[in-house]
Amino acid sequence: MTGKTVVVLGSGPIRIGQGIEFDYSCVHCVWALQEMGHRAVIVNNNPETVSTDFDTGDALYFEPVTLPDVLSVVAHEEADGVMVQFGGQTAINLAEGLAAAGAHVLGTPPEAIAAAEDRGQFDALLARLGVPRPPGRAVRSLDEARAAAEEVGYPVLVRPSFVLGGRAMEIVQGPADLEGFYREADAANPGQPVLVDQYIVGTEVEVDVVSDGVDTLVPGIMEHIDRAGIHSGDSMTVYPPVGLSREVEARVVEVACGIARALGVRGLMNVQFVVDGEGTVFVIEVNPRASRTVPYLSKVTGVPMVRLATRCALGESLASLGYGSGLWCSPEDGRTGYVATEAEILQGVRQAGLFAVKAPVFSFQKLGHVDPALGPEMKSTGEVLGVDFTYEAALYKALVASGVVFKPRGQVILTVADDDKPAAVAIGRRLHERGYPIGATGGTHDALAAAGVPSERLGKVQEGSPNLLERLFEGRVSLMVNTPGRAEQATREAARIRRACIETGVACVTSIDTARALADALDVFEYPSPACCLTLGEYLRPAPSHPPAEPADSIA
Amino acid sequence: MKKILVIGSGPIVIGQAAEFDYAGTQACKSLREEGYEVVLVNSNPATIMTDEETADRVYIEPLTVEFCERVIARERPDGLLPTLGGQTGLNLASQLAEQGILERYGVRLLGTQLDAIRKAEDRELFRALMREIKQPVPESWIVESDSELEALLDVVPYPCIVRPAYTLGGTGGGVVYSREELWETGRKGLKLSMRSQIMLERSLLGWKEVEYEVMRDGKGNCITVCNMENLDPMGVHTGDSIVVAPSQTLSDVEYHMLRNASLRIIEALKIEGGCNVQLAVNPDSFDYYVIEVNPRVSRSSALASKATGYPIARVAAKIAVGKTLEQIENAVTKTTKACFEPALDYVVVKIPRWPFDKFPGGDRRLSTQMKATGEVMAIDRTFEAALLKAVRGLEVKAKGLDSWHPQGEDSTNGDASDALRAALAQPTDERLWALAEALRRGWSVEEVNRVSRVDPWFLRKIQGIVRAGSPGHPRQDGDATEGSVYKMVDTCAGEFESFTPYFYATAESEDDAATVLERRPAAAVVAME
């Protein structure tokens, strides 16, 4: 099949939650169509993008991405089909209307898109597959919301259905706060139900998959290294995962493949999971379209995800493209890349020879009166990537690239929840041995002292001098480790600490595992020469001897 | 010269967004067309420029001096193109030059040179240069005592801005309208300033804000790509303003006066590439002032490129490697050269997209600090149609200039509502709707102009839209094809034949696109390498 005219929908103006990533996907879709011998026509109204460069597509219609405008272009071009999965929520929202008006929606069919976004249908599908999701319900009144919250137990996650980027989404700790957040979620998308789900504390995991409707390729698994409950767009993530068991990885692949097949996905799909303390994998969200992680995942796995998705959307199979169902493992040590089955994952595979850490970047200093506390609503405007052969170096690069300023020999402040105290003591001991001064608040200080690790006792935010905010503003802090407990007081304090860290450019870590990695990375901060400086291709396809010694003309 | 290093703009933040991926991607393609090997550094993975298809050697590494030096040490590029990565890229290139790193590795800076960039960006150097070429900059005075202040009371123009030096967050400053106010605010400012110093500057609040996008090559050939006019008068950041291209309210005399000024400035700065000149124009006279110059590609140049079809970044990259404007092909017509100034037979409207839906508690007031995360652009044959098309594409609640109620409006207050008056006077993301609402309630154009300072021409157009009843978006009802044809953006208003299928819809009868589409071969295999 060649010579078809395909309309590719862009994602409109850049906003928080729908950024430049979708321009990347649209442009790659256009290139893939052209490579197949089709005519790619772009509809978009954002002047800042590559997709609206007049020589990107075979034709450019500089028009709003709304149903009537798109239908008009489809008619004018006598287009054979419309690609809706690369232009973010803006484009995918038009799928149903386009189909109803007789346009041919390519890739995942509109009914499948609706099934993924409709709570009732999606719950039924998961139940059929035997996949758990956090218990909860779609409700249409405050009374129903109260009943649902009591039934599943607080804390609950309250959010509107069918909205972008976690808008008006909140974690509600108790009945007193429910009404306000319910009203906010209801107002965000009037007429649509509000979702009330149990909030599960655990590790969040995310995948973007390519499916041809039968086979499904998982190019990589991303692990969030901030505590659960922070919007995926605002969370630091690492690829490949550093803290997941083989069983969890195999289960994530199994579930993602099962959902893609059951829905009949042809193209891209994003699935977000939370893994609780027992290792149970819950599905929290499914987006039957390209997500914001597609560009970075394509780059660090070497899998041309949008190209494969475009070909699948036009009817080709993954098998014919040289892939199949399972988890992609990058080429390494002279081996070529291959797709690992679940059985292979259970025996242990190495997804990649590199580590890639994605860190969010915020614009708070430009916006007055905005609370920089992170939660389920996305607030970042951009992202950076740190790539290296070790997790520590990748983490270091991501933080430096996102604007974190490291003060050599500065104080490391520890203020952690009770569950994390043993781990904090171990971190504190290592830091102390390496000569870092430590500051700690009440309970953490006592735990360190009991283990014989010296630290300066600091007050919490509302306590008297010296407290940790003072230390931050004095510019003497290298690193802030704050793992708040679940009490409301701790959540509020965490918000103030986070704000102060953003204002002062200090790295703020909210998960104890990341703290452990970062404590190791402190060495890299101080002596960065072991961190590599290589092209993406050299990280992806290293010579067998890698990680390499620095070249002779290096300035190390 | 074989190998060129390009520095990207890093993560997306407000004020530095996707436009630099567009510019950088174009530049990489343009340089490779000329046979150069391109090395790219950028920490932002969500970009086309960091694709292995776009550049020959891609480094996704932190944009710090240290990592850039390591890239330079490994790659040994012959040249560095610093003007494509926004302020981030430019600052980094300056640091590399100042620390002697470029010299040590024999890397030549391409395009606009650093001393030109310094002259454009350093306030005092820029003012000195403007005085040298007799271009007006807003007058300013440094005052360090009450007696100096007293001597200036009858000298400075009113309104006048008072800026105390070295106070936290500029406390104690403000706009003063009379000598009494200046005496009071000025003395207070002197007390508040830790160094007992204030600066007085002519206030241009309410003046028209106009921008020219200009190009210059190494031989000194200059053109203007287009000019743009802000619907919001001075006082709102260009990135937060509604922008119209070409300008709509300037007389021919004013247009050419400002065009000449822009060309003289780019000549004096010895820019080699693209440059953006911002000017303030007195709505009641022929007075103007030069406000600012951006000696690099910018958000405005991306908009100008899309508005005209003239690829500024592509041409700037070729100029940087020594080509002249008459040697560079116009990629749209393929028959004319880059030294032809584009001609527009349509109107372009840009409206910013703000993040206040995400931050309901955020401060919605607009001033000199940009707050928008993105923007939409619309092309049509009239200002009214382009404005409505842009609004429709914003993906906000309003689908047109619908009725709107200011916060805190007392409904018994009727037309003279103070809340509405305040909404006209104070620019916010909702001011366009406030303007329409005032005109809908029968306020006169003169009254709305007096309060908002928005030019009467724009106001009369908006009045026309609201009087026409439900704003004229003919295709709002889902009837897709009725009454719309497609016209071409061809850079030359139809004067030359053009081959690039870049279209916009309009409610007319003659479809230009049809002829272009017929010309293409039936199978249309336009494979791209």
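Within each chain, residues carry numbers counting from 1 in the order of the written sequence. As they are written, the chains are lettered A onward and the ligands numbered 1 onward, keeping that order. Only residues with pLDDT of at least 70 get local features here, since the model is predicted, and only at 80 or more are side-chain atom pairs given and counted; chain-wide, interface and lining totals rely on the full set of residues. Working from all heavy atoms in the structure, the side-chain values ignore hydrogens and water.

Considerations on the overall build of chain A
Keep this limit in mind: Strands here mean DSSP runs of E at least two residues long; helices mean DSSP runs of H or I at least four residues long; both are numbered from the N terminus. Each radius of gyration reported is based on C-alpha atoms, and the globular scaling rule is 2.2 Å times the count of residues to the power 0.38. Exposure is judged per residue with a 1.4 Å probe applied to protein chains only, and the accessible area is read against the type maximum: over 50% gives exposed, under 20% gives buried, and values in between give partly exposed. Only heavy atoms enter the contact rule, under which two residues are in contact if any of them lie within 4.5 Å. The accessible surface values rely on the Shrake-Rupley method and a 1.4 Å probe; as for residues, cover is taken only from the protein chains in view. Under this rule, positive means Lys or Arg and negative means Asp or Glu; His and the chain ends count for nothing. A charged residue contributes its charge at one atom only: NZ of Lys, CZ of Arg, CG of Asp or CD of Glu.
The number of helices and strands found in chain A is 19 helices and 24 strands. In terms of overall dimensions, chain A is globule-like: its C-alpha atoms have a radius of gyration of 24 Å, near the 24 Å expected for 556 residues. Across its three principal axes, chain A shows a C-alpha extent of roughly 75 × 70 × 45 Å. Taken across its 556 residues, chain A has 65% of its residues classed as buried. Partitioning the contacts of chain A with sequence separation of at least 6, the portion at a separation of at least 24 is 67%. Element-wise, carbon and sulfur atoms account for 50% of the exposed surface of chain A, whose accessible area totals about 18,300 Å². Charged side chains in chain A number 45 positive and 70 negative. The centres of these two groups are separated by 3 Å.

Some details on the domain arrangement of chain A
Stated formally: Annotation comment: domain bounds sourced from an automatic or database domain assignment.
Under the domain assignment, chain A is made up of domain 1 (5-106), domain 2 (109-133 + 203-401 + 534-546), domain 3 (135-198) and domain 4 (407-506). Between domain 2 of chain A and domain 3 of chain A, the C-alpha centre-to-centre distance is 27 Å.

Let's talk about the sheet that holds strand 11 (residues 222-230) of chain B
Sheet strands pair by backbone hydrogen bonding; their relative direction is either parallel or antiparallel. Residues and elements named next belong to chain B. Applied cut-off: In this analysis, strands are considered paired if DSSP registers two or more bridges between them. Each axis is a line fitted through C-alpha atoms, taken for helices only over the stretch in contact, and angles between the N-to-C directions span 0 to 180 degrees.
Strand order in the open sheet formed by 7 strands is 14-13-10-11-12-15-16, with antiparallel pairing between adjacent strands. Pairing within the sheet leaves two strands with one partner each, and these edge strands are strand 14 (288-294) and strand 16 (374-380). With strand direction ignored, the average angle separating the axes of adjacent strands in the sheet is 25°. Of the pairings in the sheet, the one linking strand 13 (residues 273-281) to strand 14 comprises 6 bridges and is antiparallel in character. Bridge assignment links Val-277 to a residue of strand 14, and that residue is Val-293. Sheet strands in contact with helix 9 (residues 252-269) are strand 10 (208-216), strand 11, strand 13 and strand 14, and its direction is about 50° off that of strand 10.

Some details on the side chain of B:Lys371
Residue and element names in this part refer to chain B. Condition: We define a salt bridge as a contact between a side-chain nitrogen of Lys or Arg and a carboxyl oxygen of Asp or Glu at a distance within 4 Å. Residues adjacent in sequence count toward polar contacts only when both atoms are side-chain atoms; beyond that, a polar contact is any pair of N or O atoms within 3.5 Å, and within protein one must be able to donate a hydrogen and the other to accept it.
Note that Lys-371 resides in the loop between strand 15 (347-353) and strand 16. With no salt bridge to any partner, buried Lys-371 finds its closest opposite charge in Asp-363, at an N-O distance of 4.0 Å. At 2.8 Å, the side chain of Lys-371 forms a polar contact with the backbone oxygen of Asp-363.

Focus on the interface of chain A and chain B
Cut-off, in case you're wondering: Accessible surface is computed with a 1.4 Å probe, and the buried area is the amount of it that two parts give up when combined, taken over both parts together.
Of the residues lining the interface, 92 residues belong to chain A; the matching set on chain B comes to 92 residues. Here chain A meets chain B over a buried area of about 7,900 Å², counting both sides, of which 60% is carbon and sulfur. If you sort the residues of chain A by the area they bury against chain B, A:Glu48, A:Phe54 and A:Cys533 come out on top, with a joint share of 10%. At the boundary of chain A with chain B, the tally comes to 9 salt bridges. At the junction of chain A with chain B, the criterion picks out 38 residue pairs in polar contact (both at pLDDT 80 or more). Examining the composition of the side of chain A that touches chain B, we find that 8 residues originate from one element, helix 2 (residues 67-77) of chain A, more than from any other. Inspection of the sheet shows strand 3 (residues 59-62) of chain A paired to strand 18 (residues 502-506) of chain B by 2 bridges, in the parallel sense. Bridging across to strand 18 of chain B, A:Tyr61 finds its partner in B:Phe503.

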